[in-house]
Structure formats: structure tokens, C-alpha cells
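Structural overview for review
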Amino acid sequence: MEWLTGPFEVTFVQRALWGGVLVSAICALAGTWVVLRGMAFLGDAMSHGLLPGVALAALLGGNLLVGAALSAAVMTAGVTALGRRPRLSQDTGIGLLFVGMLSLGVIIVSRSQSFAVDLTGILFGDVLAVRTQDLALLGGALLLALVVSILGHRSFLALAFDPRKAKTLGLRPRLTHAVLLGLLALAIVASFHIVGTLLVLGLLIAPPAAALPWAHSVRGVMALAALLGAAATFFGLLLSWHLSTAAGATISAFAVGQFFLSHLASGIRHRAPGRRSSGDNRLRET
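Residues numbered from 1 in each chain as written. Predicted model: local features only at pLDDT ≥ 70, side-chain atom pairs only at ≥ 80, totals over all residues. Heavy atoms only, no water.

1. Here we look at the overall build of the protein chain
Rules: To qualify as a helix, a DSSP run of H or I must reach at least 4 residues; to qualify as a strand, a run of E must reach at least 2; elements of each kind are numbered from the N terminus. Exposure categories follow from relative accessible area, calculated using a 1.4 Å probe and restricted to protein chains: below 20% of the type maximum is buried, above 50% is exposed, and the middle band is partly exposed. Contacts between residues were defined by any pair of non-hydrogen atoms, one from each residue, lying within 4.5 Å. Every accessible area reported is derived by Shrake-Rupley at a probe size of 1.4 Å, with residue values counting cover from the shown protein chains alone.
Counting secondary structure elements, the protein chain contains 12 helices and 0 strands. Scanning the protein chain from its N terminus toward the C terminus, one meets helices and strands in the order α-α-α-α-α-α-α-α-α-α-α-α. For the protein chain, the residues scored as buried account for 48% of the 286 residues in total. Restricting to contacts in the protein chain with at least 6 residues of sequence separation, those with at least 24 account for 76%. For the protein chain, the accessible area works out to roughly 14,200 Å², and carbon and sulfur atoms hold 65% of it.

In C-alpha cells form, the structure reads like this:
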């Protein structure tokens, strides 16, 4: 039992656990829509797009979260603007922004002769360095994500399942898409300090994707994804402590492992005699 509880008697590991739980809840709210709309590439591009702002903030001695937020705002505005150009596919625009922002970040880092920017920390995070004030910021970010998710749920739902119907109902799909991008940016900015810009997609995508075969509504996916993300945080920190591995990477790897186990179990369940086919297990539009 000491093996299971011992690490969490340490104060900084307790803060890391609470930080991971809060991030898991934020990512569950945004990541569910990312999975349902097939926006994984966009999420990946936005997480990498934080690098210029974070690197510049670190070089100037500023707040990394402010730098990340500014980069996320630029990415959101860029994706929204390019998405309105009929002759340019959305994937092309996202890819160009992805490469451009990532290149700019590397250029900023390379301009520092002393390489004062801790690039490893930016890319892979440092969950064990979570402070009390970080937990307060994450709590505020979760509250804001909840408000946006509740107020925008009907519009997000229509956009995810039938964009043409959303326009017919007067739900302004373009504005809804922009707000959804803002929710995604909020989740990524709040999470990068925990698992870094390279690994944030693990908590954003893996828990909702793992929850999808077992939930029957969008809210169910969100709730189960939050629980799976919290479990990945707990066991990731536990394994990291005993195996002396990178905490953020271990959390992300555990979350991805949950996804594969979930879909393996789902496949076995649907092949069992008397079970319905997987095609019958569809989300209700609620």
C-alpha cells in the first residue's frame, strides 16, 4: 500500500496531481469536440503554435502563460481568417500556420546565445513544478471553460453533427467555430505547463477518444474523459515516481494506453454473443 500512496504524501506531487486533475477536466470539455469534429490536426498545430510566444516570454523574463495566450490568439485568428478563403482548404491553412509558428519559435530560441530558454521544459512541461498559484489559475480556466461549454453546448452540438442545420437554425456556425477554437486554445494554454506543447495533445485527444465507445451522449463523453484523464494523471505520476521517468510524458503515455485498451475492450464486447453491433452504439445529440 505504501507503494501506491507514498509518492502522494510529498507536497509537490500532491500539487502535480491536483494540477493534472484540473487540466484533465479542461481538456475533456474541449477535447470532446475536437474528437467529434475530427480536429486533431488543428489541436496539434495549435499546441505547437504556442512555442513563439512562450519562447519570447522566457527570453524577456515575462509570464509564460501570457506568451502562450498571445500565440494561441494569433493561431485562432489565423485559422479563422484562412478558413474563410474558399480557394484554400482548411488543412492547408492550418499546416502553413503550424510550420510558420513552429519555425518562428525555433528562430527565437536560436537567437539566444546562451540558450536561456529551457526548450525541454517548454516542449515537455514540468508537472512536478506546479505551484499553488498555478492551481488557482487552472481553477479559473476550468470555470471559464465550463461557462463557455454550457452556453455554447447547443451551437457546438449542431456544428458537430450537422453544420448545415446549424446555419438553418440561425446559430451562426462561423462564430460558433471561432468560439470553439477559443475553447481549444484555452485548454492548450492551461495544459502546456503540465505536459508541454508536444504532449498536450495526449490529454486533449486520448481521454475523449477512449470514452467514446462507452458513452451515449456528449456530456457522458466529457464526464468519462475527465475521469480517465484524472486516472492517467494519478497512475502516470505513480509510475514516474517509481520508475524515475519524465512525469508529463508518462501521464500522456498512460492516457494513450487507455485509448488502446478501451477500444480493444470495446471490440471484444461487441463481438460477444448477444451483443449489438458497434454501429448501434452512437452518441445521442444531447
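2. Some details on the pattern of salt bridges
What counts here: A pair is scored as a salt bridge if a Lys or Arg side-chain nitrogen falls within 4 Å of a carboxyl oxygen belonging to Asp or Glu.
Counted according to the given criterion, the structure contains 1 salt bridge. The residue R131 makes a salt bridge to D134 at a minimum N-O spacing of 3.2 Å.

3. Considerations on the packing of aromatic side chains
Counted only if it meets this: For Phe, Tyr and Trp, where Trp contributes only its six-membered ring, two rings pair if their centres lie within 6.5 Å, and the inter-plane angle classes them as stacked under 30 degrees, edge-to-face over 60, or tilted in between.
Within the structure shown, the criterion is met by 7 aromatic pairs. For the pair F41 and F98, a centre-to-centre distance of 6.2 Å together with 70° between the ring planes defines the contact as edge-to-face. Residue F41 is found in helix α3 (residues 40-48), and its partner F98 is found in helix α6 (residues 90-110); the two are separated by 57 residues along the sequence. Judged by its relative accessible area of 36%, F41 is partly exposed. The class of F98 is buried, set by a relative accessible area of 15%.

4. Details of α6
Put simply, the test is: Under the convention used throughout, the expected extent of a helix is 1.5 Å for every residue step, that is, one less than its residue count.
A rise of 1.5 Å per residue sets the reference length of α6, with its 21 residues, at 30 Å; its end C-alpha atoms lie 30 Å apart and thus fit the reference within 8%. What α6 keeps buried is the set G93, I94, G95, L97, F98, M101, G105, I108 and V109.

5. With respect to the packing of helix α4 (residues 51-60) against helix α5 (residues 64-82)
As a reminder, the rule being used: Only the stretch in contact is used when fitting a helix axis, every axis being a line fitted to C-alpha atoms; angles between N-to-C directions are given from 0 to 180 degrees. Reported orientations rely on four angle classes, namely roughly parallel under 35 degrees, roughly antiparallel over 145, roughly perpendicular from 65 to 115, and oblique for the rest. Less than a right angle of anticlockwise turn of the near helix away from the far helix marks a crossing as left-handed, whereas a clockwise turn marks it as right-handed. For this classification, Asp, Glu, Lys and Arg are treated as charged, while Ala, Val, Leu, Ile, Met, Phe, Trp, Tyr, Cys and Pro are nonpolar and the rest, including Gly, are polar.
It is at 7 Å that the axes of α4 and α5 come closest, and there the two elements cross at 150°. With respect to each other, α4 and α5 are oriented roughly antiparallel. Helix-helix and strand crossings are classified by hand; for α4 and α5 the assignment is right-handed. Contacts from P52, G53, V54, A57 and A58 of α4 reach α5 at L64, G67, A68 and S71. In terms of residue class, the contact of α4 with α5 is made up of 6 nonpolar, 3 polar and no charged.

6. Some thoughts on the side chain of S217
Stated precisely, the cut-off is as follows: Pairs of N or O atoms are called polar contacts if they sit within 3.5 Å, as long as, within protein, a hydrogen donor faces a hydrogen acceptor (for residues adjacent in sequence, only side-chain-to-side-chain pairs).
Tracing the sequence through the fold places S217 in the loop between α10 (173-211) and α11 (218-243). A residue is classified by how much of its surface remains accessible, and S217, at 13% relative accessible area, is buried. Engagement of the side chain of S217 in a polar contact is seen with the backbone nitrogen of G220, the distance being 3.1 Å.

7. Topic: the packing of α3 against α5
Between α3 and α5, the least distance of the axes is 9 Å, while the angle of their chain directions is 140°. Here α5 runs oblique to α3, going by the angle between their axes. Here α3 and α5 pass one another in a crossing that is right-handed. The segment α3 lies against α5, with L42, A45 and M46 engaging A72, M75, T76 and V79. Grouping the constituent residues of the contact of α3 with α5 by class yields 6 nonpolar, 1 polar and no charged.

8. Description of the environment of V195
Mapped onto the secondary structure, V195 falls in helix α10. The class for V195 is buried, based on a relative accessible area of 0%. The sequence separation of V195 and V127 amounts to 68 residues, and the corresponding C-alpha distance is 6.4 Å. Those residues within four positions of V195 in sequence are excluded, and the remaining contacts are L123, F124, G125, V200, L203, G248 and S252.

9. Comments concerning the confidence of the model for the protein chain
Cut-off, in case you're wondering: What pLDDT conveys is the predictor's confidence in a given residue, as a value from 0 to 100.
When pLDDT is averaged across the protein chain, the result is 84; 88% of the residues are at 70 or more. Mean pLDDT per element in the protein chain: helix α9 (residues 163-168) is the minimum at 69, and α11 is the maximum at 95.

10. Focus: the environment of W241
Positionally, W241 belongs in helix α11. Separated by 234 residues in sequence, W241 and P7 have C-alpha atoms that sit 6.7 Å apart. W241 has contacts with P7, V10, F12 and V13, leaving out every residue within four places of it along the chain.

11. Some thoughts on unusual backbone geometry
The backbone of S244 sits at a positive phi, close to 55°, despite the residue not being glycine. Considering the arrangement of structural elements, one finds S244 in the loop between α11 and α12 (247-271). According to the relative accessible area criterion, S244 is exposed, its value standing at 67%.

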